[in-house]
Amino acid sequence: MIKNIHGKESWLVPILFVLLLIFPLVLTRFYIYLLALIFVSGLPAMSLNLVLGYGGIYQFHHAAFYGVGAYGAALTITKLGCSPWIGFLVGPLLAALLSLIMGAICVRLSKLYFGMLQISLGSLVWAIVYRWYSFTGGDDGIHGVLMPDLIASTTGSYYFTLLVTTACLVAMYVIVKSPFGSALQGIRDNPVRSEAVGVNVKLHQLVALVVAGFFAGVAGVLFVVVDNSVFPDMLFWTLSLEILIMCLLGGCLTFLGPMLGAAMMVALRTFASTFTEYWTLIQGIILMLVIIFLPEGVLGYVNAKFKQLGDATSGGKT
Amino acid sequence: MKNEMIIGMSAVLLGFLAASFSFGADTIKVGIIDTYTGPATAYTFDVLDGFKMAINKVNATGGVLGEKIEFVTRDEKFKPDIGLAMAKELVLKENVDLLMGTINSATALAVSDFAKKEKIPFFVTFSKSDKITGEQGHGYVFQITENTLMAGRAAAFALAKKPFVKYWIAGDDYEYGHAIADGLWTQLKKLKPAVQLLGQSWWKVGETDFTPYITAILAAKPDFIIVATGGSGMVNFQKAAKATGLAQKVPFYQHTAIELSTLEPQGLDAPEGVYGTANYLFYYPDTPENKAFVQEFRKTFNRYPKIGALYGYVTGMLIEKGFAKAGKVDKEKFINAMQGMVIDSPVGKLELRACDHQLMLPMFFGVTKKVPSHPFLIASDIVTIQAKDYMPLCEEIKALRK
Amino acid sequence: MEFLSSICPPEILCQILVGLSRATILFIVASGLTLILGVLRVPNIAHGSLYMIGAFIAFGVSKWFGGGTTGFWMAVVLAPFAVALISLVVERGIFARLYEREHLMLLLLTFSLALILGDLVKMVWGGEYRTVQLPGYFKGPIPVASLPIPIYNLFLVVVGPAVALGLWLLANKTKIGKISRAAAVDREMVGAVGINVSWVFATVFAIGCFLAGMGGALVSPIVNITLGMDHTLIMEAFLIVIIGGLGNVWGALLGALIFGLTQSLGILIWPQFGIVFPYAAVVTVLIFRPTGLLKSTW
């Protein structure tokens, strides 16, 4: 069941956006960078949620599209010498293409098997990038990717990331609320019935996968904008698992949950690491606590609380 | 129950956000990014300890220019994107004066690029990519450790004098393995054109079972095998070599095969007759400086110093001398002072070459051997190869950086 | 052993034997994983961490008994039990309440456990490389058709089928085995006939983790015991389980054989790209038989 996002609290979102616009005026460079990083990490999680939360597809190797988007942009800029703006387009398009190919192969399967085949294929892509060091830099990655002056600085890259991410989120919201989105959720809840009422299940899923892959590719491009580097790790299945965790931590049944999850993971990692080298332990413990006590994710829990409050103030109407 | 837990967690998170380690007011701040998790840990703790030993000495006499040297560490867990983010945190939030680290070449390259932009000195303590001081080198990065090109060339220098002709190349299938093998083979072919390459075998990084590879190589009957493994692969390969008796059938070489990190964990079960190169051996040369260093390290940390300890220690010394010569805690003056800097290290006088900021370390080439004096194998028949004989020339570096 | 080389070239024979010894470790670990997946429906990502703990405990036990022959055998026997005990504690403490959750959540739960265990191992044993000594009679090679095969590898080749036999006996000839097989297919029914399903799950989980620990202990003398060995193995184990068929122990054996042999024979054909073969085999199997080669319990 999809909860109406925010409902009465929907005025929070524009306020948040305005705040994000003026933050660079008050925050130090580091926090500006951190926010940009959160957007870059959150966008793949949001795009994953398109197919996972709303589509019920076990997308286990989402990082493949994120990584391909990043590498597509970086290679276009460094190896082909094209303008970065062209690189920004090539990345997501390549990611969408890969998503189409992999989707076409995997979509015949369901649930866990879909996920495992996707991991195997995605790992193949990783192995190619890792091994082909004359072209991709191998495990050293590619560094110092040049950015247009407008967005090269910390603040510049922040605004670019904020604008692009917002645009993508708006697009995703529109898709989710559209008839296509409803059909997708219907397929998630009951594929047999959907097929029976004439919905082409496989086609819908394939389209969703391509769209999700495209947005993941955009996120990869944003990473290159913020950090000017790419690494083969970006295509590795452990990153896919992390993106999955961000989704579930924040709540994959809410729209903005994954972004919150990403914010939590990045903040946790950044600040816990200043205290201890055992920050994975802390991450693991917090994750376990959330899974056990907040199965709907943090935002899901918050939404439920708001709803309770709302019902209480409106006189107990359900 | 849920509510209390939420409040508790939020408090912890806010606590993290609010509190933040802050350095003392007038200190020289060094930010260290490295991998302190996973197989790399066997090397990186030594770097940290060697560094600690050096700066404790400096701080005991009041520091340099009246300021003590302080450091913080960040564990990147061998992930370059995390390492880069940590470097940015150290520079933008903690306002460190210098960056130091890491064992991950991808991180080192990314941080090096960042250091160039931010104009902050960065000392590379363990990454072996030759791109760091080669094609992606610049004025703000300094390499303390040897790189793959240097290691390969040093080995070629020594192997060219040996009678072996038919070679097989094998190793870990990643940049490090291929770079060492390429560096070695190109140089060997130059020095001794008669050598032949019969074939190559490459396995995934982290491979644990080498027996199928070894038997396949033996079937091809080479005179000598160049084994380009790194990290965990060093010990794993040597174990398989011992189990199959490889070194007695066909001799082989690995970079750092004779080094303590590889030999100590195996105790007396390590294979004998393995050729290797290393930049540091705690028992050679048997000079007073080396002895004093080893003694002090053992007293402080209760173990023998491995190669990382030398890198960390030398980094500490360089930082002290650099600021002392600069006369001011100023990054640009520090960079200028570092050009061609020479220090007295446990392995003799070392120069930080001006044209590429590469430390000119001697390389030791030897063969593993059991001795009654130690519970692990050591290197014998040691040949010292001077830095000038195996490092790429300044002209070559200039050409790469164009 | 010379007559064997007349039947087939020595290199191939060698590679087959070595591939089999490799398959043994993979099978032992994968069988535990597939048991837990089949009966409890839990994808246990922490399985790799338990394998690593098994290796470290083997190191500790071996050292405590002064290494050598006693040390080795005590390690190989005690480490799996220690791991099973640890897993039982975790299962009763955390998992037992959560079996009704979705698979995805359980997967993440075991993932967070893997994160925690990984750091705990570092806290207890530190970052140095460790190793376990072999008894004298296992050291060194035996010439098989003029190529050396380490004796210990041959020992592993024998252990593999022994474990498989043991598991088969356990599953088919013991009461707990039969109940577990029933629970894998229909846990509600099993509960309905009055059997305490919760304790069945605990037992199966303990056995699965026992196997992980055994894999780690058996591999400890021939491998560098280090942090991070959990990551390398877990991916391979999962792939084997998937191609073998979820919950199918014989499938795990088949998968392990395919994995081990394609790698060791692939090396002969194309040593430069040895990495590729097992993954290519997996992708091939999944494209043609996506639910695995043998029947799964799901």
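Since we're looking at a predicted model, the values are computed, not measured. (Residues numbered from 1 in each chain as written. Chains lettered and ligands numbered in written order. Predicted model: local features only at pLDDT ≥ 70, side-chain atom pairs only at ≥ 80, totals over all residues. Heavy atoms only, no water.)

Further remarks concern the overall build of chain A. Tallying secondary structure elements over chain A gives 15 helices and 0 strands in all. With the C-alpha coordinates aligned to their principal axes, the bounding extent of chain A is approximately 65 × 50 × 35 Å. Counting over 318 residues, chain A shows a buried share of 61%. In chain A, once contacts between residues fewer than 6 apart in sequence are set aside, the share between residues at least 24 apart is 78%. About 12200 Å² of surface is accessible on chain A, with carbon and sulfur atoms providing 73% of the total. For chain A, the distance from the average position of its 15 positive side-chain charges to the average position of its 12 negative side-chain charges is 11 Å. (Helix = DSSP H or I, 4+ residues; strand = E, 2+ residues; numbered from the N terminus. Buried < 20%, exposed > 50% of the residue type's maximum accessible area, 1.4 Å probe, protein only. Contact = heavy atoms within 4.5 Å. Areas by Shrake-Rupley, 256 points an atom, 1.4 Å probe, with all protein chains shown as cover. Lys, Arg positive; Asp, Glu negative; His and termini not counted. Charge placed at Lys NZ, Arg CZ, Asp CG, Glu CD.)

The next subject is the packing of aromatic side chains. Between two aromatic rings, the relevant description is the distance of the centres plus the angle of the planes. Taken as a whole and judged by the stated rule, the model has 57 aromatic pairs over all chains. Note on Trp 85 of chain A and Phe 160 of chain A: the rings are 5.9 Å apart at their centroids and 75° apart in plane angle, and the pair reads as edge-to-face. A residue pair is termed long-range when its members are at least 10 positions apart, and Trp 85 of chain A in helix 4 (residues 84-106) and Phe 160 of chain A in helix 8 (residues 154-177) qualify at 75 residues. The class of Phe 160 of chain A is buried, set by a relative accessible area of 18%. Each ring, one from Trp 73 of chain C and one from Phe 155 of chain C, has its centre 5.8 Å from the other, and the planes form 90°; the classification is edge-to-face. (Phe/Tyr/Trp six-rings, centres within 6.5 Å; stacked < 30°, edge-to-face > 60°.)

With that settled, consider the interface of chain B and chain C. The partner chain C presents 39 residues to the 41 residues of chain B that form the contact. Of the roughly 3200 Å² buried where chain B meets chain C, counting both sides, 56% is carbon and sulfur surface. Our enumeration of links across chain B and chain C arrives at 5 salt bridges. Our enumeration of links across chain B and chain C arrives at 14 residue pairs in polar contact (both at pLDDT 80 or more). Counting only elements with at least two residues in the side of chain B that touches chain C, the list comes to helix 2 (41-60), strand 7 (196-203), helix 7 (211-220) and helix 8 (232-244) of chain B. A total of 7 residues in the side of chain B that touches chain C trace back to one element, the largest contributor, which is helix 7 of chain B. Its residues assigned to classes, the side of chain B that touches chain C shows 15 nonpolar, 16 polar and 10 charged. (Buried area = accessible area lost by both parts, 1.4 Å probe. Salt bridge = Lys/Arg side-chain N within 4 Å of Asp/Glu carboxyl O. Polar contact = N/O pair within 3.5 Å; in protein donor to acceptor, adjacent residues only side chain to side chain. Nonpolar A, V, L, I, M, F, W, Y, C, P; charged D, E, K, R; others polar.)

Turning our eyes to something else, we now look at the interface of chain C and chain A. It is common to give the size of an interface as the accessible area that goes away when the parts come together. Contact residues are listed per partner, giving 35 residues for chain C and 32 residues for chain A. Buried area between chain C and chain A, summed over both chains or domains, comes out near 3400 Å², and the portion from carbon and sulfur atoms is 81%. For chain C, the biggest contributors to the area lost against chain A are Leu 104, Met 105 and Leu 108 of chain C; these three give 17% of the whole. The interface formed by chain C and chain A holds 0 salt bridges in total. Here chain C is connected to chain A by 2 residue pairs in polar contact (both at pLDDT 80 or more). At the level of secondary structure, the elements contributing two or more residues to the side of chain C that touches chain A comprise helix 5 (103-125), helix 10 (229-244) and helix 12 (276-288) of chain C. Counting residues per element, the side of chain C that touches chain A draws most heavily on helix 5 of chain C, which supplies 14 residues.

Let's shift gears to the pairing of strand 2 (residues 68-75) of chain B. Residue and element names in this part refer to chain B. With 8 bridges connecting them, strand 1 (residues 27-34) and strand 2 associate as parallel partners. Bridge pairing links Gly 31 to Val 72 in strand 2. Assessed by its sense of winding, the connection that carries the chain from strand 1 through helix 2 to strand 2 is right-handed. (Pairing = 2+ DSSP bridges. Right-handed = clockwise from strand over helix to strand, strands pointing away.)

All names here are of chain B. Per the domain assignment, the segments making up chain B are domain 1 (2-146 + 286-361) and domain 2 (149-278 + 363-394). Averaged C-alpha coordinates put domain 1 and domain 2 at centres separated by 29 Å. Contacts between the two partners involve 15 residues from domain 1, matched on the other side by 22 residues from domain 2. Three residues stand out in domain 1 for area buried against domain 2, namely Tyr 43, Glu 146 and Tyr 304, and they jointly supply 30% of the buried area on that side. At the boundary of domain 1 and domain 2, one finds 0 salt bridges. The tally of links between domain 1 and domain 2 comes to 5 residue pairs in polar contact (both at pLDDT 80 or more). (Domains from an automatic or database assignment.)

All names here are of chain C. Applying the stated rule across the entire model yields 30 salt bridges over all chains. A salt bridge links Glu 236 to Arg 22; its shortest N-O distance comes to 3.7 Å. Here Glu 236 is found in helix 10, whereas its partner Arg 22 is found in helix 2 (residues 10-40), with 214 residues between them in sequence. The burial state of Glu 236 is the same as that of Arg 22; both residues are buried. The salt bridge involving Glu 91 is made with Arg 92; its shortest N-O contact spans 2.9 Å. For Glu 91, a relative accessible area of 0% puts it in the buried group. On the basis of relative accessible area, Arg 92 is assigned to the partly exposed category, the value being 26%.

This brings us to the sheet that holds strand 14 (residues 378-385) of chain B. By definition, the strands of a sheet pair up through backbone hydrogen bonds, in either a parallel or an antiparallel sense. Residue and element names in this part refer to chain B. Taking strand neighbours across the sheet as the criterion, the 7 strands line up as 7-6-8-9-10-13-14 in an open arrangement whose pairing is mixed. Whereas interior strands pair on both sides, the edge strands pair on one side only; in this sheet they are strand 7 and strand 14. For this sheet, the mean inter-axis angle between neighbouring strands, taken without regard to orientation, is 20°. Set on the sheet, helix 7 makes contact with strand 6 (166-172), strand 7 and strand 8 (224-228); between it and strand 7 the angle comes to about 170°. Most of the contacts of helix 8 go to strand 9 (residues 252-255), to which it runs at about 165°, and overall it touches strand 7, strand 8 and strand 9. (Axes fitted to C-alpha atoms, helices over the stretch in contact; angles between N-to-C directions.)

This brings us to the state of the cysteines. Summed over the entire model, instances satisfying the criterion amount to 1 disulfide over all chains. Covalent S-S linkage joins Cys 355 of chain B and Cys 394 of chain B, the inter-sulfur distance amounting to 2.0 Å. Its S-S torsion of about -80° marks the bond between Cys 355 of chain B and Cys 394 of chain B as left-handed, since a negative value means left-handed. With a gap of 39 residues between them, Cys 355 of chain B in the loop between strand 12 (348-351) and strand 13 (363-369) and Cys 394 of chain B in helix 15 (residues 394-400) connect regions that are remote in the sequence. Owing to a relative accessible area of 32%, Cys 355 of chain B belongs among the partly exposed residues under this scheme. Residue Cys 106 of chain A stays outside any disulfide, its sulfur separated by 18 Å from that of Cys 247 of chain A, the closest cysteine. We classify Cys 106 of chain A as buried; its relative accessible area is 0%. The thiol of Cys 168 of chain A is unpaired, and the distance to the nearest cysteine sulfur, on Cys 247 of chain A, comes to 15 Å. Note on Cys 168 of chain A: relative accessible area 7%, which makes it buried. (Disulfide = S-S within 2.5 Å.)

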